[in-house]
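Listed below, chain by chain, are the residues.
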Amino acid sequence: MKTKEIVAYLIWTCVIWNGMSVTAESACSEPPSFYPSASSEIWGTQDSVVTLNCTALLASECNTTLQWFRGGAPLNTTCYPENTTQSKYGNKTQVSSVLQVRLAGVEDFGVYSCIVNNASLTFSLNKTNQPSHTATVVAAVILLLLLSFAALIYSQCHLNLKLWYKNTYGDYEINDGKMYDAYISYVNDENDRKFVNFILKPHLENKYGHKLLLNHTDILPGAEPSAELVMNVSRCRRLIVVLSQSYLELDWCSNNFRQGLWHLLELSQRPIFILFQAHQRQLSLDVAQQLREHQHLIDTLVWGPSSMTPSSSFWKELALVMPRTVTYPSRSSGDPQTLHQDDKDPMLTLNPDYLDCRPDPDPAGDLGLRLPVYKTQRLSKAPVLPVAPGAPMAPGLSSELQPSDIDVSDLGSRNYAARTDFYCLVTEDDI
């Protein structure tokens, strides 16, 4: 009996074991559940780190070993940090693996897959094309170079550009009742006299065609400007003061430069001060301070060693503050007032078509009716004068007094208006 019982127990054990094996195999034949449930695409940039998370839920009896593959080949987990955890949920086991991939090169991109119990979940790592900043950098560099070049050109040629604009589009200062372009005030010593008469005046008159009025007397001899000074300055469009060391030693400069400066501002809207570079260090603190405080009301120019050349900045700055001159293409262009005011006065016209400028047919005087002689009117003949008493008679004439051909009975009704043919008195030699 014992032998039979032992055999029966073994048979029962084999049946149970086989049943259990069949049950386990049937449970593992079901594919595990992955999270995420489907394959996914991940985008990354070079030199960045991407985290791949593969989570599978399967039966506890199944093989829970999880492996990573890249491109179908097993992944060397020693080069990639990996963290795998397992947890029980009833009769099932959850396997979770986190893989960190550093995208150092092109070879790190591709298809990654995690495989557990003959089932897999794929991750596709794609490279994100970074926006190229090369064009932006090149454009910024070119713009910076252009701005630098423009700043360089402006620093070297800004005076020439301003002069060109003024000479092309600037306003003419005419019809303002002024007779001179500038009134130059200076001290009558040797240095200032040479500078004004041999440098400043010839350059302004010969090159720019300005008309100047020079005065070497004290511009402000007393507390108030003199009547002569006010009259002379009012006839000029600009006031130029050669502010040399000798000029600063005048009474009004040394005693009260501020008051004298205000008087100058009353005489001229924007006076021009010419300083000598060699004398700038000798300026008193009061004079230098007043010039700085009123620099928005005056124009200050500095004469230096390099100012002798006609193309120096001194002459360009002086030309900018001087009035625009009227230039004509030829000498026969006419008078400025006639050209710009459309003056049609016949006195300024040589041999006009509408007047008969023949010599006076009766130089002895007007004995008949004199009217304006036009080209359309022709005198038939000059009036005949009566023979004076005692004058010799012409041959063939009787000694009796011949009656005059001139009718003088209407002397009271004649027109004695002013003659209008005096325009013909203007000849080419007179002009």
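Cut-off values and rules
Residues numbered from 1 in each chain as written. Predicted model: local features only at pLDDT ≥ 70, side-chain atom pairs only at ≥ 80, totals over all residues. Heavy atoms only, no water. Salt bridge = Lys/Arg side-chain N within 4 Å of Asp/Glu carboxyl O. Helix = DSSP H or I, 4+ residues; strand = E, 2+ residues; numbered from the N terminus. Buried < 20%, exposed > 50% of the residue type's maximum accessible area, 1.4 Å probe, protein only. Polar contact = N/O pair within 3.5 Å; in protein donor to acceptor, adjacent residues only side chain to side chain. Contact = heavy atoms within 4.5 Å. Pairing = 2+ DSSP bridges.

Q: Whenever I open this one, the pattern of salt bridges confuses me. Can you help?
A: It is possible for side chains of opposite charge to pair when their charged atoms get near one another. Following the criterion strictly, the structure yields eight salt bridges and no others. With its nearest N and O atoms 3.0 Å apart, the salt bridge here joins Arg237 to Asp176. One end of the pair, Arg237, is in the loop between helix 4 (227–234) and strand 12 (239–242); the other, Asp176, is in the loop between helix 2 (134–169) and strand 10 (182–185), and 61 residues separate them in sequence. With a relative accessible area of 17%, Arg237 lands in the buried category. The class of Asp176 is partly exposed, set by a relative accessible area of 34%. Put simply, Glu190 and Lys194 hold a salt bridge, and the shortest N to O gap is 3.1 Å. Taken together, the residues Glu190 and Lys194, both in helix 3 (residues 190–207) and four residues apart, mark about one turn of the helix. The class of Glu190 is partly exposed, set by a relative accessible area of 47%. Taken together, the shared-partner salt bridges in this structure form one network comprising Asp176, Asp181 and Arg237.

Q: Can you walk me through the side chain of Ser307 in this structure?
A: Structurally, Ser307 can be placed in the loop between strand 14 (299–303) and helix 9 (313–321). Residue Ser307 is classed as buried on the basis of its relative accessible area of 5%. Here Gly304 takes part through its backbone nitrogen, which lies 3.0 Å from a polar atom of the side chain of Ser307. Ignoring any residue separated from it by four or fewer positions in sequence, one finds Ser307 in contact with Val302, Ser312, Phe314 and Trp315.

Q: Please clarify how the pairing of strand 12 should be interpreted in this entry.
A: Walk down a regular strand and you will see the side chains alternate between the two sheet faces. Burial along strand 12 is two-sided: Leu239 and Val241 facing one way and Ile240 and Val242 facing the other are all buried. Where strand 10 meets strand 12, three bridges bridge the pair, whose relative direction is parallel. Bridge assignment links Tyr183 to a residue of strand 12, and that residue is Leu239. Inspection of the sheet shows strand 12 paired to strand 13 (residues 272–276) by three bridges, in the parallel sense. Bridge pairing in strand 13 links Val241 to Phe273.

Q: When you look at the pairing of strand 4 (residues 66–70) in this model, what are you seeing that I'm missing?
A: Taken together, the five bridges between strand 4 and strand 8 (residues 110–116) define a ladder with antiparallel strand orientation. Bridge pairing links Arg70 to Tyr112 in strand 8. The pairing of strand 4 with strand 5 (residues 73–74) spans two bridges and is classified as antiparallel. Within strand 5, the position partnered with Arg70 by the bridge is Ala73.

Q: Teacher, can you tell me more about the environment of Ser39 here?
A: Within the element layout of this structure, Ser39 appears in the loop between strand 1 (33–35) and strand 2 (40–44). Taking the C-alpha atoms as reference points, Ser39 and Ser124, separated by 85 residues in sequence, lie 7.8 Å from one another. Among residues more than four places away in sequence, those in contact with Ser39 are Leu121 and Thr122.

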